[in-house]
Amino acid sequence: ITSHLDSMEPGPEADKGLFPLQVGAALTDIRKGCQTDDTGETISLKNRNYCECTGLYWMWKNTCGQKYIGLEHYRRRLMLGDAAIQEIMDRNLDMVVGIPHFCPYGVKHMVLGEVITEREWVLLKECVKTVDSSYEKYVEKLESNYFHISCNLVLCKREIFDKYCSFAFSVAFRIEDYFVQHKIERNDRYMGYIFEYMLNIL
């Protein structure tokens with residue numbers, strides 16, 4: 001995933017099955033010479049809030065058939081070489097994510113005040129429960145967890161990817177509806193952070 005604001009280009013490892021995608025393309029006339037996220041079924045116009053997740057949505061809705069699919073973006077990479085990818089396939093792993101960050105006071109303490117408010121955390125919990133109550137206990141567990149997977153970096157089996165996107169975007173759209181109904185405007189990638197927490201509870 002790249003955007004017109006991103007000055008860094010894929011390194012020499014990027015020819016190993018990577019598919020460049022420019023996100024937020026509906027918000028600019030600048031083109032970087034790769035696929036854009038404003039074609040097909042798209043939420044490209046929401047990029048200021050959803051950030052790299054407009055690319056996640058585009059991948060979910062406009063591609064199919066891969067054994068594995070995942071997301072790297074801007075300067076955040078999983079840095080998987082040929083040998084690592086082969087091992088993932090040989091071992092039939094379900095998912096690979098970035099190295100978790102240690103949060104000495106717990107994930108919720110780290111989150112609140114920095115990226116989302118207490119109200120938004122409660123809203124996330126309510127929306128998760130509404131979409132799929134079986135995940136409610138994992139949100140509760142995340143609150144007191146001391147490790148957090150950040151940056152929305154993931155490589156996983158296609159069927160898991162589809163399940164995650166169906167769940168995560170259902171929750172996200174409910175949160176977004178709340179913001180619209182209450183006339184709350186944000187353009188600070190808050191939804192990108194929300195997706196990080198949903199990846200942690202998957």
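Up top is the structure these notes are about.
*Asks:* Can you help me understand the overall build of the protein chain in this one?
*Replies:* Counting its secondary structure elements, the protein chain contains eight helices and seven strands. Over its C-alpha atoms the protein chain spans a radius of gyration of 17 Å, differing by no more than 12% from the 17 Å that the globule rule assigns to 202 residues. Once the C-alpha set of the protein chain is aligned to its principal axes, its extents read approximately 45 × 40 × 30 Å. Out of the 202 residues in the protein chain, the part that is buried amounts to 44%. For the protein chain, restricting intrachain contacts to residue pairs at least 6 apart in sequence, the fraction spanning at least 24 positions comes to 67%. Entry remark: accessible area of the protein chain is about 10,800 Å², with carbon and sulfur atoms responsible for 53%. Each charge class in the protein chain was averaged separately, 24 positive and 29 negative side chains, and the resulting centres sit 2 Å apart.

*Asks:* Just to check I follow, could you spell out the environment of serine 166 for this structure?
*Replies:* In this fold, serine 166 is placed in helix α7 (residues 158–181). Each C-alpha atom, one on serine 166 and one on glutamine 35, is 23 Å from the other, the two residues being 131 residues apart in sequence.

*Asks:* Explain the nonpolar core to me, please; I cannot follow it from the model alone.
*Replies:* Here is a general trend for soluble globular proteins: nonpolar side chains tend to be buried in one another's company. The biggest cluster of nonpolar side chains holds 49 residues, and the ones touching the most others in it are Leu56, Leu124, Phe169, Ile175, Phe195 and Met198. Going through the elements one at a time, α2 (53–62), β3 (68–71), α4 (107–111), α5 (118–131), α6 (136–144), β7 (154–157), α7 and α8 (190–201) are the ones with two or more residues in this core. Considering each element in turn, this core owes the most residues, ten residues, to α7. Ignoring sequence-local partners within four residues, the contact set of isoleucine 175 consists of Leu123, Leu124, Cys127, Tyr190, Met191 and Ile194. The next biggest cluster of nonpolar side chains, apart from the first, holds seven residues, and it includes Leu78, Ile88, Cys151 and Leu153.

*Asks:* Help me out: how do you make sense of the sheet that holds strand β4 (residues 95–97) in this one?
*Replies:* Strand-to-strand pairing in sheets goes through backbone hydrogen bonds, with the strands running parallel or antiparallel. Strand order in the open sheet formed by three strands is β3-β7-β4, and the pairing between neighbours is antiparallel. Each of the sheet's edge strands pairs with one partner strand only, and the pair in question is β3 and β4. Averaged over all pairs of adjacent strands, the angle between strand axes in this sheet comes to 10°, irrespective of strand direction. Sheet topology places β3 next to β7; four bridges connect them, and they run antiparallel. Within β7, the position partnered with isoleucine 69 by the bridge is cysteine 156.

*Asks:* What am I meant to see in the side chain of glutamate 176 here?
*Replies:* Following the sequence through the fold, glutamate 176 ends up in helix α7. The contacts of glutamate 176, once residues within four sequence positions are left out, are Lys46, Tyr50, Tyr190 and Met191.

*Asks:* In this structure, what is going on with the packing of aromatic side chains? I would like to understand it.
*Replies:* How two aromatic rings sit relative to each other is set out by the distance from centre to centre and by the angle between their planes. Tallied over the full model, the rule gives 16 aromatic pairs. Cluster of aromatic residues (ring-pair linked, three or more members): Tyr50, Tyr57, Trp60, Phe169, Phe173 and Phe195. In this arrangement the basic side chain of lysine 61 is found over the ring face of tryptophan 60, its NZ or CZ atom lying 4.1 Å from the centre. Over the ring of tyrosine 193 we find arginine 189, and its NZ or CZ is 4.5 Å from the ring centre.

Conventions adopted
- Residues numbered from 1 in each chain as written.
- Predicted model: local features only at pLDDT ≥ 70, side-chain atom pairs only at ≥ 80, totals over all residues.
- Heavy atoms only, no water.
- Helix = DSSP H or I, 4+ residues; strand = E, 2+ residues; numbered from the N terminus.
- Rg over C-alpha atoms; globule rule 2.2 N^0.38 Å.
- Buried < 20%, exposed > 50% of the residue type's maximum accessible area, 1.4 Å probe, protein only.
- Contact = heavy atoms within 4.5 Å.
- Areas by Shrake-Rupley, 256 points an atom, 1.4 Å probe, with all protein chains shown as cover.
- Lys, Arg positive; Asp, Glu negative; His and termini not counted.
- Charge placed at Lys NZ, Arg CZ, Asp CG, Glu CD.
- Core = buried A, V, L, I, M, F, W, Y, C linked by side-chain atoms within 4.5 Å.
- Pairing = 2+ DSSP bridges.
- Axes fitted to C-alpha atoms, helices over the stretch in contact; angles between N-to-C directions.
- Phe/Tyr/Trp six-rings, centres within 6.5 Å; stacked < 30°, edge-to-face > 60°.
- Lys NZ or Arg CZ within 6 Å of the ring centre and 35° of its normal.

Just geometry here; none of it tells us what the structure is for.
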